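Working through the structure, step by step
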Amino acid sequence: MSTRQRDALLRRLGGPAGITALALGVGWLAIFFAYRDQWLGLILALLTSVGAFIAIRRGDVMARQRRARLEGAISAAAARNRELELLRRLGSIMLGVRSSGELLEEVVQLAASLLEAEGAAILLVVEEGRFLKVAAGAGLLRAAEGSLVPVERSLAGWSVLNDQAVTSDDMESDSRNYPVDTLPAHLERAVCVPLRSSGVVIGTVCAYNRVDGRPFGEHDIVLLSALAEQVAVGLDRATILEETRRNERELADKNRELIRVTKLKDEFLANMSHELRTPLNAIIGFSEMMLMPEMDAASEQRRDFLESIARNGRHLLGLINNILDLSKIEAGRMTVHLTRLDLRDSIRGAATDTTSLRTAKQQTATIDVGEDPLMVVADHTRVRQVLFNLLSNASKFTPEGGVVSLSAVRTPVPLAIPSERAGEKSRLVTRDAVWVSVRDSGIGIRPEDMGKLFQVFSQVDSSASRQQQGTGLGLALCKQFVEMHGGTIGAESIVGGGSTFWFILPVEGPLRHPA
Amino acid sequence: MTLTIDRCVCMNRLFSDLLPEARARGFGLAELSRHTGCGDRCGLCRPYLRRMLATGETVFHQIIAENAE
């Protein structure tokens, strides 16, 4: 007989059935002895009663134990069922979710109810691995959303650094803990499980209880790990989805921009062919008229015609030069030749160049440039081009007898330094610069048209019957030239009250980022 | 062969095309110029346009100065 068999036999004999059988045997003996009128029968009958009592008590205890075991098994099965149900729900969340933020919110709620914890949080590694950010919080951790926790000196950080699950029953005395101020209650118990995405730890999922709450154990780690694994898959999926959506949006934006530019180019071509044809009409028409034999007599008219031919020829050349300049800039082949020059000379020179435009409309010009030289490092030709453009615009849009005012002053201004790396924002630095403005007393510009002033190919009025000729290239060119010098250009206007166009050139020329 | 002036040279528009347009829409010289651009560039055709609007002539055989009338 083996030890196990003997144990089983003993347990059976010690059980209620064994004791009952024994009591029965003793009972019969008691009857036997009682029959023979021996006192032993009485004693045995008493023993039988005692045995029966013990058997009943034993049976009672066993039944209670069995019921407790059964109840335990049933409630454990219910808990398993609940956990399985929650994990199943996690699967459907993963499939239905549209953004990673939404995913984290849902999952953290689920983590809290899965562990029946008072708080749960998902922390993601940020700031090049130095901090963890509470990306989502549930329960008591909801208030901590968005707060930063250092990776060093924190329980969650420890779990990230060691790529290992961790539990603590007394966080306060745990040297790895980092207290988050935004938390309302004293959390003492914690479990943290690392969150991995394609093998790299990207954060942790944590659950917390207060000191009177349930401590966390191995089973909680298993549950949370199962959750963490799924979250990583879901996060990857959400990231890809978001990226796809962003790409789609970018493509749509680019497409819209392309359509806009194409439309502008179409309009530009229509305007341009009109603008180029008109001076050619004049050149050809007047040349033909001069070739008529009858013209010899009228020498006065010959002179008018010749002047018209020359003027239109110059105008055509100007137009073509503008187009070439702009295409050169667009191709990135435009360069500036920087020298140190006095802007007062450029301003006076440009004013002289445009005198004929003003005298034709009886306009006057005022120049206020101060006593001191306004030295800047700039390209002489380009600066003159900008000034000429602004001045001829001013004359063009100012009625007869109007006034064009020119002024320039040296002043420190904040200027944008080009960024060192792509995608980085440019910084503003205060530099000495010269501010030049051209003010006219013309028709002004409506506020809704201000935005497209400096756009290529745009004219405030692009209708065929527009009053003012022009290609819509002048201001776009000015902007390009000024920006090539590291400056800025802008305009202010009151409808009916005239416009002011201004530009700023840095004294030391185009700014480079500091070495 | 005689001198023939029958168009705005800059815009290359025949007076005979401009006149019906001006008549149909009741244009004076200023409106005609704003609408078609003729007379607004070199300005040499302005006296001819003025004469055209006044008399209905569309072909001219003599030179008319700006301050002729």
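Residues numbered from 1 in each chain as written. Chains lettered and ligands numbered in written order. Predicted model: local features only at pLDDT ≥ 70, side-chain atom pairs only at ≥ 80, totals over all residues. Heavy atoms only, no water.

Observations concerning the overall build of chain A
Counting its secondary structure elements, chain A contains 12 helices and 13 strands. Scored against the burial criterion, the 515 residues of chain A give a buried share of 39%. Here the contacts in chain A between residues at least 6 apart in sequence split such that 65% fall between residues at least 24 apart. For chain A, the accessible surface area stands at approximately 29500 Å², while carbon and sulfur atoms represent 57% of it. (Helix = DSSP H or I, 4+ residues; strand = E, 2+ residues; numbered from the N terminus. Buried < 20%, exposed > 50% of the residue type's maximum accessible area, 1.4 Å probe, protein only. Contact = heavy atoms within 4.5 Å. Areas by Shrake-Rupley, 256 points an atom, 1.4 Å probe, with all protein chains shown as cover.)

Describing the overall build of chain B
Counting its secondary structure elements, chain B contains three helices and two strands. Listing every helix and strand of chain B by position from the N terminus yields β-β-α-α-α. Within chain B, buried positions represent 43% of all 69 residues. Pairs at least 24 apart in sequence give 48% of the contacts found in chain B among residues at least 6 apart. Carbon and sulfur atoms form 48% of the exposed surface of chain B, whose accessible area is close to 3600 Å².

What to know about the environment of A:Ser173
In this structure, A:Ser173 sits in the loop between β4 (166-168) and β5 (187-197). As for A:Ser173 and A:Glu188, which are separated by 15 residues in sequence, their C-alpha atoms are 9.1 Å apart.

Here we look at the packing of helix α2 (residues 29-36) of chain B against helix α3 (residues 46-55) of chain B
Residues and elements named next belong to chain B. For the pair α2 and α3, interaxial distance at closest approach is 10 Å and the crossing angle is 120°. Classified by the angle between their axes, α2 and α3 sit oblique to one another. Here α2 and α3 pass one another in a crossing that is right-handed. Contacts from Leu29, Leu32 and Ser33 of α2 reach α3 at Arg46, Leu49, Arg50, Met52 and Leu53. Of the residues belonging to the contact of α2 with α3, the class tally is five nonpolar, one polar and two charged. (Axes fitted to C-alpha atoms, helices over the stretch in contact; angles between N-to-C directions. Parallel < 35°, antiparallel > 145°, perpendicular 65-115°, else oblique. Left-handed = near helix turned anticlockwise from the far one by under 90°. Nonpolar A, V, L, I, M, F, W, Y, C, P; charged D, E, K, R; others polar.)

A word on the sheet that holds strand β1 (residues 119-126) of chain A
All names here are of chain A. Pairing within the open sheet is antiparallel, and its six strands lie in the order β3-β2-β1-β6-β5-β4. In the strand order of this sheet, the two ends are held by β3 (148-150) and β4, each with one partner. Across the sheet, the mean angle from the axis of one strand to that of its neighbour is 25°, orientation sign disregarded. When β1 meets strand β2 (residues 131-139), the two strands line up antiparallel, connected through eight bridges. Note on β2: the bridge partner recorded for Ile122 is Ala136. Packed onto the sheet, helix α4 (residues 100-114) meets β1, β2 and β6 (200-210) and runs at close to 65° relative to β2. (Pairing = 2+ DSSP bridges.)

Quick word on the environment of A:Val413
Residue and element names in this part refer to chain A. Here Val413 shows up in strand β10 (residues 403-417). Measuring from C-alpha to C-alpha, the distance between Val413 and Val429 comes to 8.1 Å, with 16 residues separating the pair along the chain. Not counting the four nearest positions on each side in its chain, Val413 is found in contact with Val429, Thr430, Arg431, Ala433 and Ile504.

Concerning a positive patch on the surface
Taken together, the side chains of A:Arg98, A:Arg245, A:Arg246 and A:Arg249 define a basic patch exposed on the protein surface. Its place among the elements puts A:Arg249 in helix α6 (residues 218-291). (Patch = residues over 30% accessible without salt bridge, like charges linked within 9 Å, V, L, I, M, F, W, Y side chains within 5 Å. Salt bridge = Lys/Arg side-chain N within 4 Å of Asp/Glu carboxyl O. Lys, Arg positive; Asp, Glu negative; His and termini not counted. Charge placed at Lys NZ, Arg CZ, Asp CG, Glu CD.)

Overview of the confidence of the model for chain B
Mean pLDDT for chain B: 86, with 93% of residues reaching 70 or above. Note on the complex model: pTM 0.50, ipTM 0.75. (pLDDT = per-residue confidence, 0-100.)

Observations regarding helix α3 (residues 40-96) of chain A
Residues and elements named next belong to chain A. Here α3 is 57 residues long and its end C-alpha atoms lie 83 Å apart, about the 84 Å a rise of 1.5 Å per residue gives. Among all positions in α3, only Gly41, Leu44, Thr48, Gly51, Ala55, Glu83, Leu86, Leu87, Leu90, Ile93 and Met94 are buried. Packing partners of the buried residues in α3 comprise α2 (16-35), α4 and α6. (Expected span 1.5 Å × (residues − 1).)

Description of the side chain of A:Gln363
Residues and elements named next belong to chain A. Within the secondary structure, Gln363 sits in the loop between α9 (355-360) and β8 (364-368). Residue Gln363 is classed as buried on the basis of its relative accessible area, which comes to 6%. Dropping the residues within four chain positions of it, Gln363 is found in contact with Leu357, Arg358, Ser395, Thr398, Pro399, Gly401 and Gly402.

Concerning the pattern of salt bridges
All names here are of chain A. For the coordinates displayed, the defined rule picks out 22 salt bridges over all chains. A salt bridge links Arg382 to Asp325; the shortest N-O distance between them is 3.8 Å. You can see Arg382 sitting in helix α10 (residues 380-396) and its partner Asp325 sitting in helix α7 (residues 299-330), a full 57 residues away along the chain. Here Arg382 and Asp325 have matching classes, each one buried. Lys479 is the partner of Glu483 in a salt bridge, and the nearest nitrogen-oxygen pair spans 2.8 Å. Of this pair, Glu483 and Lys479 are both found in helix α12 (residues 474-484), four residues apart, which corresponds to roughly one turn of the helix.

Concerning the packing of α4(A) against α6(A)
Residue and element names in this part refer to chain A. Two elements in contact, α4 and α6, have axes whose closest approach is 9 Å; the angle formed by their N-to-C orientations is 170°. The orientation of α4 with respect to α6, classified from their angle, is roughly antiparallel. Mapping the contact onto sequence places Ser100, Gly101, Leu103, Leu104, Val107, Leu110, Ala111 and Leu114 in α4 and Leu223, Leu224, Leu227, Val231, Gly234, Leu235, Ala238 and Glu242 in α6. Per-class residue counts for the contact of α4 with α6 are 12 nonpolar, three polar and one charged.

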